[in-house]
Amino acid sequence: MTVASILNQKGRDVTTERAETSMREICAILGAKRIGAIVITDAKGGIKGIISERDVVRAISEDGTDALDKPVSAYMTARVVTCDPMETVNTVMARMTGGRFRHVPVVKDGKLDGLISIGDVVKHRIAQIEQEAEDMRNYIAMT
């Protein structure tokens, strides 16, 4: 199973913002949309960073509520790990687990194509395992 199969089921919509957006606005968007991360892009749509709920908590723990009035660029993760839609779910899951991050932007032909979370990956991996188990039960029942 590939990352593209996850995107085909969940969709390719990604919430993006600019680096100058305030952390207060970022928090409002995360809460309103009930999402865990926002990809930070430049005017041409290039990925400049990513900000997650964890980053917001870290920012407030370091700078208190003053962090909310600073631009997201002050706290975002600038070195964004991305993946290709044709990568396997297992490969991306291993990368996410090893790097201890929960969101990975999907890039196709140099452009943002989607965003997957560890929840998406686990959900699809479980579905794959359940399908394999069902196939095995059917095979055994036929013999």
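Scope of this entry: the structure provided in the associated data block. (Residues numbered from 1 in each chain as written. Predicted model: local features only at pLDDT ≥ 70, side-chain atom pairs only at ≥ 80, totals over all residues. Heavy atoms only, no water.)

1. A closer look at the overall build of the protein chain
When you go through the protein chain residue by residue, the secondary structure sums to five helices and five strands. For the protein chain, the N- to C-terminal ordering of α and β elements is α-β-α-β-β-α-α-β-β-α. Summarising its shape, the C-alpha atoms of the protein chain cover approximately 70 × 30 × 25 Å along the three principal directions. Put simply, the protein chain has 143 residues, and 34% of those count as buried. Restricting the contact set of the protein chain to residue pairs at least 6 apart, pairs at least 24 apart contribute 54%. Working note: accessible area of the protein chain is about 8600 Å², and carbon and sulfur atoms make up 52% of it. Side-chain charges in the protein chain split into 20 positive and 20 negative, and the spacing between the mean points of these groups amounts to 1 Å. (Helix = DSSP H or I, 4+ residues; strand = E, 2+ residues; numbered from the N terminus. Buried < 20%, exposed > 50% of the residue type's maximum accessible area, 1.4 Å probe, protein only. Contact = heavy atoms within 4.5 Å. Areas by Shrake-Rupley, 256 points an atom, 1.4 Å probe, with all protein chains shown as cover. Lys, Arg positive; Asp, Glu negative; His and termini not counted. Charge placed at Lys NZ, Arg CZ, Asp CG, Glu CD.)

2. Some remarks on the side chain of Ser 117
Along the polypeptide, Ser 117 turns up in strand S5 (residues 111-117). On the basis of relative accessible area, Ser 117 is assigned to the buried category, the value being 17%. The residues touching Ser 117, leaving out its near neighbours within four places in the chain, are Met 96, Arg 102 and His 103.

3. Brief notes about the nonpolar core
Core analysis: the largest hydrophobic core is formed by 13 residues, its most contacted members being Met 23, Ile 26, Ile 38, Ile 40, Ile 51, Val 72 and Tyr 75. Looking at this core, the elements that each hand over two or more residues are helix H2 (23-33), strand S2 (37-41) and helix H3 (53-63). With four residues, the single largest contributor to this core is H2. Apart from the residues lying within four places of it in its own chain, the contact partners of Ile 38 are Thr 15, Thr 16, Glu 17, Ile 26, Ile 29, Leu 30, Gly 49, Ile 50 and Ile 51. (Core = buried A, V, L, I, M, F, W, Y, C linked by side-chain atoms within 4.5 Å.)

4. A look at the layout of surface pockets
If you add up the space inside the largest pocket, you get close to 240 Å³. Around the largest pocket sit 13 residues that line it, and Ile 50, Ser 52, Thr 77, Phe 101 and Arg 102 are the ones nearest its centre. Elements supplying a minimum of two residues to the lining of the largest pocket: strand S3 (47-52) and H3. Here the residues of the lining of the largest pocket sort into five nonpolar, three polar and five charged. Its volume calculated, the second largest pocket comes out at about 210 Å³. What lines the second largest pocket is a set of 13 residues, and nearest its centre among them are Lys 10, Asp 13, Ile 35, Ala 37 and Leu 115. No other element matches S5, which puts three residues into the lining of the second largest pocket. Taken together, the residues that form the lining of the second largest pocket break down as five nonpolar, four polar and four charged. (1 Å grid on protein atoms, 1.4 Å probe; cavity = no way out; pocket = protein on both sides within 12 Å on 5 of 7 lines; lining within 4 Å. Points joined across faces, edges and corners; volume = space filled by probe spheres on them. Nonpolar A, V, L, I, M, F, W, Y, C, P; charged D, E, K, R; others polar.)

5. Topic: the side chain of Thr 15
For Thr 15, the position within the fold is in the loop between helix H1 (3-10) and strand S1 (16-17). Residue classification places Thr 15 among the buried residues on the basis of a relative accessible area of 18%. Polar contacts involving the side chain of Thr 15 include one to the side chain of Lys 33, which spans 3.5 Å. In this structure Thr 15 touches Ile 29, Lys 33, Ile 35, Ile 38 and Val 39, once residues within four positions along its chain are discounted. (Polar contact = N/O pair within 3.5 Å; in protein donor to acceptor, adjacent residues only side chain to side chain.)

6. Overview of H1
Among all positions of H1, only Val 3, Ala 4, Ile 6 and Leu 7 are buried. Across the axial projection of H1, the buried residues extend over an arc of 155°, all falling on one side. Opposite the buried face of H1, by more than 90 degrees, sit the exposed residues Asn 8 and Gln 9. On its buried side, H1 packs onto helix H4 (89-99), strand S4 (103-108), S5 and helix H5 (118-142). Where H1 ends, the next residue or the one after it, Gly 11, has phi of about 105°, a positive value. (Arc of directions from axis to C-beta.)

Taken by themselves, the reported measurements are silent on function.
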